[in-house]
Amino acid sequence: MIARMSHVSIFVLNQDSAYEFYVNKLGFKVHTDAPMGPGMRWLTVCPPGQPDLEITLMAIQEGMMFNKQSAIQMQELVKNGTFGFGVFECNDIYATYEELKAKGVEFKKPPTKEFYGIEALFKDDSGNWFSLGQKS
């Protein structure tokens, strides 16, 4: 049986920019930042309260995973906000919202009471969008 997930990927347009966003704006910790051959980089970050989950900030580029055409298509999907999505949780959504907004995080929806809790929506620097939630 599978016991747990250790890694998940978020496709990004630029790893340097994604590093800046996830580490300096969202406050994630760098787990691994290592070269993986010519033009390749293995970059993983962890939410501060979940150090055993590595989020791979995966560059969309021609190479192992993508041929040239599929890389271009994937870049467009991510840029347009039609591919990536995730849910992050916090303890105080109003304080977190204000802190992230002050750091330049682009919100698409302010904290709003929903039937499942309080939710705000934001985008990363590549175009992926995320729900930021606090359980009621």
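Data block above holds the structure.
Note that the structure is a prediction, hence the values are computed from the model and not measured.

Novice: Provide a residue-level description of the sheet that holds strand β5 (residues 85-89), including the pertinent values.
Specialist: Read from one edge of the open sheet, four strands run β5-β8-β7-β6, paired in mixed fashion. With partners counted over all chains shown, the strands left at the sheet margins are β5 and β6 (106-114), one partner each. Put simply, the sheet's adjacent strands are angled 20° from each other on average, direction ignored. Alignment of β5 against strand β8 (residues 129-134), held across five bridges, turns out to be parallel. Along β8, the bridge assignment pairs V87 with S131.

Novice: With reference to specific residues and values, describe the sheet that holds strand β3 (residues 41-46).
Specialist: Sheets are built from strands paired through backbone hydrogen bonds, the pairs being either parallel or antiparallel. If you walk across this open sheet you meet the four strands as β1-β4-β3-β2, and the pairing is mixed. With one partner strand each, in any of the chains shown, β1 (7-12) and β2 (29-35) form the two edges of the open sheet. Recorded for the sheet is a direction-independent mean angle of 25° between the axes of neighbouring strands. The pairing of β1 with strand β4 (residues 54-59) spans six bridges and is parallel. If you follow V8 over to β4, its bridge partner there is I55. On the sheet, helix α1 (residues 15-25) packs against β1, β2, β3 and β4 and is oriented at approximately 10° with respect to β3.

So, how was this worked out
Residues numbered from 1 in each chain as written. Predicted model: local features only at pLDDT ≥ 70, side-chain atom pairs only at ≥ 80, totals over all residues. Heavy atoms only, no water. Pairing = 2+ DSSP bridges. Helix = DSSP H or I, 4+ residues; strand = E, 2+ residues; numbered from the N terminus. Axes fitted to C-alpha atoms, helices over the stretch in contact; angles between N-to-C directions. Contact = heavy atoms within 4.5 Å.

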